[in-house]
Amino acid sequence: MLFLTKLAFKNLARHLNRTLITASIIAFAIFFYILLDSLIGGMTGMAYQTIIDYETGHLQVVNQEYWGKKEKIPLTDLFTFDQSIQKTLKQTRGYVSSSPELNFQAQLSNGIDELPVIGKGIIPRAFTEVFALEDHLVEGKMPTLGKDQAVLGKRLADLLELTTGDYITLQFRDKSETFNTIDAEIVGLVHTSNPNVNQNYVYLPMDRAQQALNVGSQVSKVVVRLDHRDRAAATASSLAPEIQKVNQRLAVYAWDELEAVSFAAAQNVENKIIL
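My aim in this report is to walk through the structure given alongside it, one point at a time. The shown structure was predicted, so the numbers you read here are calculated from the model rather than taken from an experiment.

As for the pattern of salt bridges
Enumeration according to the criterion identifies nine salt bridges in this entry. A salt bridge links aspartate 158 to lysine 154; the shortest N-O distance between them is 3.1 Å. Highlighted residues: aspartate 158 and lysine 154, both in helix 6 (residues 154-159), separated by four residues, approximately one helical turn. By relative accessible area, which is 41% here, aspartate 158 ends up partly exposed.

As structure tokens, then:
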């Protein structure tokens, strides 16, 4: 063993130029691997945070049947966010806040042109405790419960040549498949790092959305914010049986179980393999 070690070092010294060139190439490759890996890791982390801050929160409480067809944004398999569910959530370790949502597909019209959007019925005060939307208002304010008001992305407003004070019409099918509309005044415009918020979502007061969609007091989901995203998976596992004691049809999903996040994670693995 000692002989082989001496032989190896003698060989390195005998061909010094070759040794230096090879060592430089290896060092150069390792340096750029670390650099690119750090950049990709940072960008992925920022992307995850953007999704959490504007779309998913850390946890989502959803009807199990609804979760399987969530991409279609149905008005079936909804549930009532009552005091018993809220009390269970508040007892969860790391709980910060929760916000119910009522989501639906709609056509947004300015009276001339139309664009497909996703309507979101929200309770403004609860919503701003879970999501960072209010911090990115470029004009106006959040909507008020009981009023026909709306907040939408600045990009979406620009596409339809709208601004605060203008009125929009949302056309959609309610729970009984009957066509209905909501006429609302734009009271706020937002611009965030999330493209869905900027050009696909229209936020409305929860009570007005529930009334127009004929769903009573039901909601699509309840989004929960925790004190740290790394706690989400463990909390979802421990919270699920407690929630099901209140409503057996409900389940709890962590933010990283969504398809968009799973795709980003797979892409990150692919990047590491290439590096």
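Quick word on a nonpolar patch on the surface
On the surface, a nonpolar cluster with roughly 690 Å² of combined accessible area is contributed by Phe28, Phe31, Phe32, Leu35, Leu36, Leu39 and Met43. Residue position: methionine 43 is located in helix 2 (residues 16-56).

Section: helix 4 (residues 83-90)
Those residues of helix 4 lying buried are Ile85, Thr88 and Leu89. Viewed along the axis of helix 4, the buried residues span an arc of 100 degrees, placing them on a single side of the element. Opposite the packed face of helix 4, turned more than 90 degrees from it, sit the exposed residues Gln83, Lys87 and Lys90. Looking at the buried side of helix 4, the elements it contacts are strand 1 (59-63), strand 2 (79-80), strand 3 (95-109), strand 11 (221-226), helix 9 (232-246) and strand 12 (250-254).

Details of the packing of helix 1 (residues 2-14) against helix 2
Running from N to C, helix 1 and helix 2 cross one another at 95 degrees; their axes reach a closest spacing of 5 Å. Here helix 1 lies roughly perpendicular to helix 2, going by the angle between them. Packed against helix 1, whose contacting residues are Asn11, Leu12, Ala13 and Arg14, the element helix 2 presents Leu16, Arg18 and Thr19 at the interface. Grouping the amino acids of the contact of helix 1 with helix 2 by side-chain chemistry returns three nonpolar, two polar and two charged.

Focus: the environment of leucine 204
Relative to the elements of secondary structure, leucine 204 occurs in strand 9 (residues 201-205). Leucine 204 sits in the buried class, given a relative accessible area of 2%. For the pair leucine 204 and glutamine 149, spaced 55 residues apart in sequence, the C-alpha to C-alpha distance is 6.2 Å. Ignoring anything within four residues of it in the chain, the contact list for leucine 204 reads Phe104, Lys120, Gly121, Ile122, Gln149, Ala150, Leu170, Ile182 and Ala184.

Quick notes on the rules
- Residues numbered from 1 in each chain as written.
- Predicted model: local features only at pLDDT ≥ 70, side-chain atom pairs only at ≥ 80, totals over all residues.
- Heavy atoms only, no water.
- Salt bridge = Lys/Arg side-chain N within 4 Å of Asp/Glu carboxyl O.
- Helix = DSSP H or I, 4+ residues; strand = E, 2+ residues; numbered from the N terminus.
- Buried < 20%, exposed > 50% of the residue type's maximum accessible area, 1.4 Å probe, protein only.
- Patch = residues over 30% accessible without salt bridge, like charges linked within 9 Å, V, L, I, M, F, W, Y side chains within 5 Å.
- Areas by Shrake-Rupley, 256 points an atom, 1.4 Å probe, with all protein chains shown as cover.
- Arc of directions from axis to C-beta.
- Contact = heavy atoms within 4.5 Å.
- Axes fitted to C-alpha atoms, helices over the stretch in contact; angles between N-to-C directions.
- Parallel < 35°, antiparallel > 145°, perpendicular 65-115°, else oblique.
- Nonpolar A, V, L, I, M, F, W, Y, C, P; charged D, E, K, R; others polar.

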